[in-house]
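Architecture and fold: a report
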Amino acid sequence: VEPQSTAKLTRVHMCATAAARFQASGIVSDKKTKQNYIQARAAILLGTVVRERKVKKKPRTSLSTPEADPYCQAVKVHAIWEPTTTKSSTNDYDSDVLISSIGDDSASWRRVARLLGLEPVGWIFSYDGTKDPTRNEEGTLPVFARDVQTGGQLQIEPRKQKNAFPGFVTVARNAESG
């Protein structure tokens, strides 16, 4: 999997506190052994798609030439919805819960998000780089086939009900380092 050279959405703005909380909630302490272990997690990103300038507005002079398209589309993540899942014996996130819930337009989290003016704009998942070191290799994208499949299903499910999202991003996060 390679990143897209050009994309409809070119930026993702995410609340640092929410991102840190998502990462920290994946570090679970076992009370019996008194050791910490990492649990893979996945969640839906709720926010808005906005149009913003590519670069800060520069003062214009008589010699400056206007840009062809000075704007781009960006995702602003305002909230993260993480479903309650059962603990998995493997170190994989539970994609079935996400896929089934994103297509449910009557779900309580969708109603609350709609009241706040938010829509699903993507999904985030964490991975354990120590158990799967190939995700941490320099110059590689930490997204595997299963992640691509999950992201695709999350985008397709609402389209079945003609409730397409304005944009949808995938965010991969190392569970250990954040």
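The structure this text deals with has already been given above.
Residues numbered from 1 in each chain as written. Predicted model: local features only at pLDDT ≥ 70, side-chain atom pairs only at ≥ 80, totals over all residues. Heavy atoms only, no water.

**A few points about the pairing of strand S4 (residues 42-53)**
- Bridge analysis of S4 against strand S6 (residues 119-127) gives 6 bridges, and the strand direction is antiparallel. Bridge pairing in S6 places Gly-47 opposite Glu-119.
- Taken together, the 10 bridges between S4 and strand S5 (residues 71-81) define a ladder with antiparallel strand orientation. By the bridge assignment for S5, Thr-48 is matched with Lys-76. (Pairing = 2+ DSSP bridges. Helix = DSSP H or I, 4+ residues; strand = E, 2+ residues; numbered from the N terminus.)

**Considerations on the nonpolar core**
- Within the largest apolar cluster, 18 residues are counted, with the highest numbers of intra-cluster contacts made by Ile-44, Trp-123, Phe-125 and Leu-154.
- Residue assignment for this core shows that the elements contributing at least two residues are S4, helix H2 (95-102), helix H3 (108-115) and S6.
- Residues Leu-9, Ala-43, Val-77 and Val-121 belong to the second largest nonpolar core, which totals 10 residues. (Core = buried A, V, L, I, M, F, W, Y, C linked by side-chain atoms within 4.5 Å. Buried < 20%, exposed > 50% of the residue type's maximum accessible area, 1.4 Å probe, protein only.)

**Brief notes about the sheet that holds S6**
- Read from one edge to the other, the open sheet built from 5 strands follows the order S1-S5-S4-S6-S7, with strand pairing classed as mixed. Pairing within the sheet leaves two strands with one partner each, and these edge strands are strand S1 (9-14) and strand S7 (169-174). Strand after strand, the sheet turns through a mean of 35° between neighbouring axes, direction not considered.
- Packed onto the sheet, H2 meets S4, S5 and S6 and runs at close to 55° relative to S4. (Axes fitted to C-alpha atoms, helices over the stretch in contact; angles between N-to-C directions. Contact = heavy atoms within 4.5 Å.)

**Points about the packing of aromatic side chains**
- Evaluation of the coordinates by the stated rule reveals 2 aromatic pairs.
- Taken together, a centroid distance of 4.5 Å and an interplanar angle of 10° make the contact between Trp-81 and Trp-109 stacked. Of this pair, Trp-81 sits in strand S5 while Trp-109 is found in helix H3, placing the two residues 28 residues apart along the sequence.
- Classification of Trp-109 by relative accessible area gives buried; the value is 9%.
- Of note, Arg-51 hangs over the ring of Tyr-71, and the distance from its end group to the ring centre comes to 3.9 Å.
- It is Arg-110 that lies over the ring of Trp-109; its NZ or CZ is 5.7 Å from the centre. (Phe/Tyr/Trp six-rings, centres within 6.5 Å; stacked < 30°, edge-to-face > 60°. Lys NZ or Arg CZ within 6 Å of the ring centre and 35° of its normal.)

Everything listed is a geometric property; what it means functionally is a separate question.
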